Amino acid sequence: MSKRVLTARTLTTESGAPVADNQHSASAGIGGPLLLQDQHLLEKLARFNRERIPERVVHARGSGAYGYFEVTDDVTGFTYADFLSTVGKRTELFLRFSTVADSLGGADAVRDPRGFAVKFYTEEGNYDLVGNNTPVFFIKDPIKFPDFIHSQKRDPFTGKQEPDNVWDFWAHAPEATHQVTWLMGDRGIPASYRHMNGYGSHTYQWTNADGEAFFVKYHFKTNQGVRSLSSEQAAGIAGKDANSHQTDLLQAIERGVNPSWTLYVQIMPAAEAADYRFNPFDLTKVWPHKDFPLQRVGRLVLDRNPDNVFAEVEQAAFSPNNFVPGIGPSPDKMLQGRLFAYADAHRYRLGVNHTLLAVNAPKATTAQNYGRDGFMATNSQGRAAKNYEPNSYDGPVETGRALSAPLAVSGWTGTHEAPLHTKDDDFFQAGELYRLMSADEKSRLIANIAGGLSQVSRDDVIEKNLAHFHAADPEYGRRVEEAVRALRED
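Definitions and limits used
- For every chain, the first residue of its written sequence is number 1, and the numbers climb from 1 along that sequence.
- Residues qualify for local features only when their pLDDT is at least 70, as the model is predicted, and side-chain atom pairs are given and counted only at 80 or more; totals for whole chains, interfaces and linings, by contrast, use all residues.
- In computing side-chain values, all of the structure's heavy atoms are included and hydrogens and water are not.
- Space inside and on the surface of the protein is sampled on a 1 Å grid over the protein atoms alone, with a cavity defined as a set of points where a 1.4 Å probe fits but cannot get out and a pocket as an open set with protein on both sides within 12 Å along at least 5 of 7 lines; lining residues have an atom within 4 Å of a point.
- Grid points are joined across faces, edges and corners, and a volume is the space filled by probe spheres set on the points.
- Helical segments are the DSSP runs of H or I of at least four residues, strand segments are the runs of E of at least two, and each set is numbered from the N terminus.
- Three categories are distinguished: nonpolar for Ala, Val, Leu, Ile, Met, Phe, Trp, Tyr, Cys and Pro, charged for Asp, Glu, Lys and Arg, and polar for the others, with Gly belonging to the last.
- We call Phe, Tyr and Trp rings a pair once their centres come within 6.5 Å, taking the six-membered ring for Trp, and we label the pair stacked below 30 degrees between planes, edge-to-face above 60, and tilted otherwise.
- Three labels apply to residues, based on accessible area from a 1.4 Å probe with only protein chains included: buried if under 20% of the type maximum, exposed if over 50%, partly exposed otherwise in between.
- In this analysis the charged atom, NZ for Lys or CZ for Arg, is taken to sit over a ring once it is within 6 Å of the ring centre and within 35 degrees of the ring normal.
- UniProt positions are given in the numbering used here, feature names are shortened, and annotations may be inferred rather than shown by experiment.
- One bridge is not enough; two strands pair if DSSP finds at least two bridges between them.
- Within this scheme, the nonpolar core is defined by two criteria: the residues are buried Ala, Val, Leu, Ile, Met, Phe, Trp, Tyr or Cys, and they are joined through side-chain atoms within 4.5 Å.
- The contact definition used throughout considers only heavy atoms, calling two residues in contact when any of these lie within 4.5 Å.
- A pairing counts as a salt bridge when a side-chain nitrogen of Lys or Arg comes within 4 Å of a carboxyl oxygen of Asp or Glu.
- One less than the residue count of a helix, multiplied by 1.5 Å, gives the span that helix is expected to have.
- Starting at the helix axis, one direction is taken to each C-beta atom, and the arc is that of these directions.
- Here a polar contact means two N or O atoms within 3.5 Å. Within protein one must be a hydrogen donor candidate and the other an acceptor candidate, and residues neighboring in sequence count only if both atoms are side-chain atoms.

Considerations on empty space enclosed by the protein
Using the criterion set out here, one finds 4 cavities of 30 Å³ or more in the structure. In this structure, the largest cavity spans a volume of roughly 90 Å³. The wall of the largest cavity is formed by 13 residues, among which Val130, Gly131, Asn132, His202 and Arg338 lie closest to the centre. Only β4 (125–132) and α8 (333–350) provide two or more residues apiece to the lining of the largest cavity. Considering every element that reaches the lining of the largest cavity, the biggest residue donor is β4, with 3 residues. When its residues are assigned to classes, the lining of the largest cavity shows 6 nonpolar, 6 polar and 1 charged.

What to know about the packing of aromatic side chains
For the structure shown, the criterion picks out 30 aromatic pairs. Between Tyr204 and Phe323, the aromatic rings sit 6.4 Å apart at their centres with planes inclined by 70°, giving edge-to-face as the arrangement. You can see Tyr204 sitting in strand β6 (residues 204–207) and its partner Phe323 sitting in the loop between α7 (309–314) and β10 (327–329), a full 119 residues away along the chain. Each member of the pair, Tyr204 together with Phe323, is buried. A cation over an aromatic ring shows up here: Arg90 above the ring of Tyr68, its NZ or CZ 4.0 Å from the ring centre. Here Lys386 stacks its cationic end above the ring of Tyr393, 4.5 Å away from the centre of that ring.

Side note on the UniProt feature "domain: Catalase core" (unreviewed entry) in the protein
The positions UniProt marks with the feature "domain: Catalase core" (unreviewed entry) are residues 12–397. Measuring from the first to the last C-alpha atom of residues 12–397 gives 44 Å, for a span that is 21% helix and 20% strand.

Observations concerning the layout of surface pockets
In this approach a probe as big as a water molecule rolls over the atoms, and the regions it shows empty are the leftover space. When its volume is computed, the largest pocket comes out at roughly 1400 Å³. For the largest pocket, the lining is made up of 40 residues, of which Asn279, Lys333, Glu417, Ala418 and Pro419 are closest to its centre. For the lining of the largest pocket, the secondary-structure elements that each account for two or more residues are β7 (213–222) and α8. Across the lining of the largest pocket, the residue classes break down as 17 nonpolar, 11 polar and 12 charged. Every element with two or more residues in the lining of the second largest pocket is listed here: α4 (177–184), β7 and α9 (428–436). Broken down by element, the lining of the second largest pocket gets its largest block of residues, 5 residues, from α9. Looking at side-chain class alone, the lining of the second largest pocket contains 12 nonpolar, 8 polar and 11 charged residues.

Side note on the pairing of strand β9 (residues 295–304)
Pairing geometry for strand β1 (residues 62–71) and β9, over 6 bridges, is antiparallel. Looking at the pairing, Tyr68 lines up with Val301 of β9. As paired elements, strand β8 (residues 260–269) and β9 share 6 bridges and run antiparallel to each other. Note on β9: the bridge partner recorded for Thr262 is Arg299.

Side note on the nonpolar core
Ranked by internal contacts, the top residues of the largest apolar core, which has 40 residues, are Phe138, Trp167, Trp170, Leu453, Tyr476 and Val480. Of all the secondary structure elements, the ones that give two or more residues to this core are α2 (145–152), α3 (163–171), α4, α9, α10 (439–453), α11 (459–472) and α12 (474–489). Filtering out sequence-adjacent residues up to four positions away, Trp167 remains in contact with Val180, Met184, Ile449, Gly452, Leu453, Val456, Val461, Asn465 and Phe469. Trp206, Ile267, Val297 and Phe323 belong to the second-largest nonpolar core, a separate cluster that totals 37 residues.

Observations concerning the pattern of salt bridges
Applying the stated rule across the entire model yields 30 salt bridges. Across the pair Lys160 and Glu162 runs a salt bridge, and its minimum N-O distance is 3.2 Å. By relative accessible area, Lys160 is classed as partly exposed at 45%. Exposure remark for Glu162: the relative accessible area of 14% places this residue in the buried category. When salt bridges with common partners are traced through the structure, they connect Lys140, Asp282, Lys285 and Asp426 into a single cluster.

Observations regarding α12
For α12, which comprises 16 residues, the first-to-last C-alpha distance of 23 Å matches the rise-based estimate of 22 Å (1.5 Å per residue) to within 8%. Those residues of α12 that fall on the buried side of the exposure criterion are Tyr476, Gly477, Val480 and Val484. Projection of α12 onto a plane perpendicular to its axis shows the buried side chains occupying an angular sector of 90°, all on one side. What points out from α12, more than 90 degrees from its buried face, is the exposed set Pro474 and Glu489. At its buried positions, α12 is contacted by α4, α9, α10 and α11. Capping the start of α12 is the job of one residue whose side-chain oxygen sits 3.0 Å from the backbone nitrogen of Glu475: Asp473.

Quick notes on the side chain of Thr284
Along the chain, Thr284 falls in the loop between β8 and β9. For Thr284, the side chain forms a polar contact with the side chain of Asp282, separated by 2.7 Å. Contact partners of Thr284, with chain neighbours within four places excluded, come to Val136, Phe137, Phe138, Ile139, Lys140, Glu175, His178 and Gln429.

Here is the structure:
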């Protein structure tokens, strides 16, 4: 028989067989019932049913792009991470932006923190830096995270976000006052993903070649300038184009207007952490720049859009536990919790072999380990390769060198509050942020807070929240209280 070669444009089934008719299902005669033997119909319908995976519990609504990071300043005195080792060195990366609370079908122009997650494809493996567009967060212990997110998401009875739930949780979480002030302020709704800063938010550890440890915070400063939307502007944009930020990012890169950010770090010698005036591992606090000035590291540039949003944006999996030599965790409790939670979420959503997907796989090196099986396994790693270690068959072996310096620990196991430093306080930095604002910024902040808080049905919840703003700054508390009262009397 002669061999028939399908052309490149021939429609085929997933097994490669040519499709004769893609317009009509096979039936038992004209107008009769359809046939179970129509493999093409069944394959299309079954695949269509499975085209969606569980959306992320948080950060579901996202956009992303590829680019590179270029080192501009020498930081080898603080870390021996190879991708930061040489001025001028470039590393390919993928950056995913996202809203936090809303679902996959939500609008971009809403008042919500924004995820800022970077995957560096380094020669020593992938390094994931998972942060937000705010330098702080609402809570400082991961055991409260599921409750916090439940309070911000849809109510199980009403099926919608409830001001009662949102503000009730914040009423019982005074440490949230700082982040609430950020969220309700002018930067609460970025004009686009290109016009906002990004932060590692957590405290991380860098280790240099001599084994010296430093704690660091990452700051990605947008080179496009910070631009934000008022509540009124955002409502209009979200009503016209729910995909406004996605549209802006896509079109900018397609035009060759490549957005960029300059990376700075704050560096604290590890020995200073114990006696610093507040807990430097508290995610609800920033490090004042006068104590730890910003030091420039390099430039992040986005220059290529994904070919397929689902394959590359939705299936992108970021895990803060993906470190490289020279970089490691700190005792930041929220970071410690996320070291487990993020990777576990991806194993649930995408499967145990999600790291083999193109967007998640290393690009500058090759993953070599003893993981083999599970759904969608393609990592045989060679014929007759062993799946255990140690072995006598020349399999990959450990290096014996820790990724980062060890952290000293002491004391008793148990549930503990974070150690108190001399200036630990849930409200001081929120007050500092308020006092930095201009008169117009303060007025908009007050209006945004009062607009939500006035909708709460319980007086005791309102009073608890007002007490937080009074503690942050007397004027701040008074103005919020007056604005809430006025709206409730209308």
